[in-house]
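Descriptive structure summary
As a plain string of letters, each chain reads:
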Amino acid sequence: MPLAYQVLDVLIAGIVAGVTAFALGAVAPTVATDVGVLLAGMYYFSRNPWGGNGEEVNDAIDEVYASLVPGK
């Protein structure tokens with residue numbers, strides 16, 4: 001996996017963590033950051049932890065990354 005893909009993964013994981021923590025902050029502020037970090041880690045380490053077609057989803061994500069990042 002190219003470095004640029006890993007950078008995009010980290011950025012997206014950060015966005016997932018931030019949005020989750022912000023959304024849960026009003027409802028359950030004591031666990032908001034924990035849940036955000038958990039979801040971000042799940043995305044980063046296994047892009048599709050919730051579905052059964054992980055290979056297809058990962059291939060689709062890689063195609064999007066390839067269109068955003070110039071050649072290898």
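Below is a summary of the structure that appears in this document. On a predicted model such as this, the values are computed, not experimentally measured, just so you know.

1. Focus: the packing of aromatic side chains
- With the rule as written, the count across this model stands at two aromatic pairs.
- Ring geometry for Y5 and Y65: centres 5.5 Å apart, planes at 70°, overall edge-to-face. Pair noted here: Y5 is in helix 1 (residues 3-25) and Y65 is in helix 3 (residues 54-68), with a separation of 60 residues, a long-range link. Exposure class is identical for Y5 and Y65. Each is buried.
- With 5.0 Å between their ring centres and 85° between their planes, Y44 and F45 make a pair best called edge-to-face.
- The exposure class assigned to F45 is exposed, which follows from its relative accessible area of 70%.

2. Description of the packing of helix 1 against helix 3
- Remark: helix 1 packs on helix 3, axes separated minimally by 10 Å, with the N-to-C direction vectors making an angle of 110°. Put simply, helix 1 runs roughly perpendicular to helix 3. Taking contact as the criterion, the partners of Y5, L8, D9 and I12 in helix 1 are, on helix 3, D62, Y65 and A66.
- When the residues that make up the contact of helix 1 with helix 3 are grouped by side-chain class, the tally is five nonpolar, no polar and two charged.

3. Describing the nonpolar core
- Among the nonpolar cores identified, the biggest contains nine residues, and these are Y5, L8, A13, A17, A40, Y43, I61, Y65 and V69.
- Mapped by element, the contributors of at least two residues to this core are helix 1, helix 2 (32-45) and helix 3.
- Element by element, the count of residues in this core is highest for helix 1, at four residues.
- Those residues in contact with L8, other than ones at most four positions away along the chain, are Y65 and V69.

4. Some words on a negative patch on the surface
- Taken together, E55, E56, D59 and E63 make up a surface patch of like negative charges.
- Structurally, E55 can be placed in helix 3.
- The exposure class assigned to E55 is exposed, which follows from its relative accessible area of 61%.

5. Details of a nonpolar patch on the surface
- Where nonpolar side chains cluster on the molecular surface, the patch consists of L3, V7 and L11 and spans about 300 Å² of accessible area.
- Relative to the assigned elements, V7 resides in helix 1.
- Exposure remark for V7: the relative accessible area of 43% places this residue in the partly exposed category.

How each quantity is defined
- Residues numbered from 1 in each chain as written.
- Predicted model: local features only at pLDDT ≥ 70, side-chain atom pairs only at ≥ 80, totals over all residues.
- Heavy atoms only, no water.
- Phe/Tyr/Trp six-rings, centres within 6.5 Å; stacked < 30°, edge-to-face > 60°.
- Helix = DSSP H or I, 4+ residues; strand = E, 2+ residues; numbered from the N terminus.
- Buried < 20%, exposed > 50% of the residue type's maximum accessible area, 1.4 Å probe, protein only.
- Axes fitted to C-alpha atoms, helices over the stretch in contact; angles between N-to-C directions.
- Parallel < 35°, antiparallel > 145°, perpendicular 65-115°, else oblique.
- Contact = heavy atoms within 4.5 Å.
- Nonpolar A, V, L, I, M, F, W, Y, C, P; charged D, E, K, R; others polar.
- Core = buried A, V, L, I, M, F, W, Y, C linked by side-chain atoms within 4.5 Å.
- Patch = residues over 30% accessible without salt bridge, like charges linked within 9 Å, V, L, I, M, F, W, Y side chains within 5 Å.
- Areas by Shrake-Rupley, 256 points an atom, 1.4 Å probe, with all protein chains shown as cover.
- Salt bridge = Lys/Arg side-chain N within 4 Å of Asp/Glu carboxyl O.
- Lys, Arg positive; Asp, Glu negative; His and termini not counted.
- Charge placed at Lys NZ, Arg CZ, Asp CG, Glu CD.

These figures capture arrangement, not role.
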